[in-house]
Amino acid sequence: MDFARKDIHTSVLKELKNSQFSIDDDFNIPDYKEDIEKVIAKSGNVIVDEVFAEDGKVKVNGKVCFFILYQTKGERAGLECYEGEIPFEDIVNADGATRNSLVTNRCKIEDLTVNIINSRKVEVRMLLGSEVQVYEEYRAKAATDLENGQGVECKFKKHVLTELVVAKQDMFRLKEELDIPQSKPNIKDILWSSVALRNMETKPQTGQISVRGEVECFVLYRGLEEQTPIQYIYSVRTINRELECPEATEDMILETECKLGSGETSIRQDADGEDRVIGLDYCVTLGIKLYEDRETKLLADLYSPQVEISPELEVIPYENLMMRNLAKAKVNHRAQIAMEEKILQICHTYGDVETDDVTVYEDHVTITGVVKANILYIASDEAPMKCMEEIIPFEYVLETGVIPKGASVRMTAAVDLLGATLLSSEEMEIKAQINLDMSVFACEKLDVIIDMTVMPIDYEKKSKLPGIVGYIVKPEDTLWSIARTYYATTESIKRLNHLEDDTIHPGDRLIVVKS
């Protein structure tokens, strides 16, 4: 006799490490650009190229692309841009990591500082926050039934497992063209661009993953004629993609993190050969995890009145998805304008969200963090443009129902909407909508039978038991345990006692006959 088997594959979050590290470098302004007088605005984008585990540590390699908008020196203040990148390698100590571990990483800029060393040189400093997740995968060939096992009693159990079906990185190219309105001049050069993903939604479908959302683009440019004021355009384009994923089905649970990767904003020519088109060419990366709740029938125990069978068990840790919650947190903030110059026009608002703490209670989760909003505006003084930063704290309570102790709560936060409006010369209102994607996994263990040892029956032990017994059912008894103790079968006990099923109650009187 032998087992019919099933491959059980589970994945457990073994370690979660949060760390901070700083990177910095000095950069010389190219000769063809004007001298720097003052930094107006700055932004950056983290691109993680590689994450891999070694014994006891995780290495994260990548780069940060940064962009600086600055005011030039001279009698007439103008605007100029500078962009560059700083590579980084972060090594995180993680005791649970092995070379076979599945690892993921989220990395964000927590602080970006640009110091002017002289009119031709700047120092760029960044503080990066990194979250490393180390998953341990477990596999076992679990017994589901017994083949050629005549005379052997089998006990089965049904179990629902949240199995990790797919864990991978995917990407697609985002290509858009923005036409300059007829009322605006031709482009001489691009001074500043801000490209961001908004309202991203993903759904599993049969054989593919649907990606829906928006790309928000703000471009500041210099017109072809010298006397033309600085120009800007703003556009939102729809994202509608299907990514191939052969393992996906509509009823699976999908976790994704969409991120804007490397790319460029460039000048292109229209049908007439004039520089009146702005082209976007960016890579969008997706961290994909596909889960499926699968009900599996497993062999729980077995015995025989004729031979001694000792099942060999293996304990498989697993995580079952208890809850998935997509929440939208709205943030409204009124900021006082404590500046001498008057704001004439708000041109653009860009920024990001950072979560500081996720506190798990018995029936809810409290999320605290900040929205960092950068507001580009035109002022009444001689400066062509200025930028102010507002850091807005927020707290959001997410009702969850009962969360068991030891549950693993995972959350990602992204900005869906961010904008600023002038209320008066002394006050502005900043509005943000934050997408909070939370999953709660219960950590459990499952005993599975992977092998068995068959030995001759202990006839001395069996002979000491009476051939027929009158038995009074105890509270902890089951029909299975009684039959196993007295070398009987569950079917014979049901037949002799006229039982319709395996249900018995404490105090019941049963006749048990040894096989």
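Not measured: the values here are computed from a predicted model.

(A) Here's a closer look at the environment of T72. Following the sequence through the fold, T72 ends up in strand β3 (residues 57-72). Taking the C-alpha atoms as reference points, T72 and D7, separated by 65 residues in sequence, lie 65 Å from one another.

(B) Up close: the sheet that holds strand β11 (residues 253-269). Strand order in the open sheet formed by 3 strands is β7-β12-β11, with antiparallel pairing between adjacent strands. Where the open sheet ends on each side, the last strands, each with one partner, are β7 (153-179) and β11. Each strand axis lies, on average, 10 degrees off the axis of its neighbour in the sheet, ignoring direction. By the bridge criterion, 26 bridges tie β7 to strand β12 (residues 275-303) in an arrangement that is antiparallel. Opposite C154, over in β12, you have L302 as the bridge partner.

(C) How the structure looks around the pattern of salt bridges. Applying the stated criterion across every chain yields a total of 29 salt bridges. D2 is paired through a salt bridge with R5; the nearest N and O atoms lie 3.8 Å apart. For D2, a relative accessible area of 41% corresponds to the partly exposed category. For E163, the salt bridge is made with R294, and the minimal N-O distance between the two is 3.4 Å. Placement of the pair is E163 in strand β7 and R294 in strand β12, with a sequence separation of 131 residues.

(D) Examining the nonpolar core more closely. Of all hydrophobic cores here, the largest spans 33 residues; its most connected members are V371, I375, M428, I430, I434 and L436. Among the elements of the structure, β13 (307-336), β14 (343-360), β15 (364-379), β16 (386-399), β17 (408-424) and β18 (427-456) are those that each provide at least two residues to this core. Discounting residues that sit within four places of it in the chain, L436 has contacts with N325, L326, A327, A329, I367, Y396, M411, T412 and A413. Judged by nonpolar contacts, the second largest core, of 31 residues, contains I180, L197, V215 and A248.

Rules and cut-offs
Residues numbered from 1 in each chain as written. Predicted model: local features only at pLDDT ≥ 70, side-chain atom pairs only at ≥ 80, totals over all residues. Heavy atoms only, no water. Helix = DSSP H or I, 4+ residues; strand = E, 2+ residues; numbered from the N terminus. Pairing = 2+ DSSP bridges. Axes fitted to C-alpha atoms, helices over the stretch in contact; angles between N-to-C directions. Salt bridge = Lys/Arg side-chain N within 4 Å of Asp/Glu carboxyl O. Buried < 20%, exposed > 50% of the residue type's maximum accessible area, 1.4 Å probe, protein only. Core = buried A, V, L, I, M, F, W, Y, C linked by side-chain atoms within 4.5 Å. Contact = heavy atoms within 4.5 Å.

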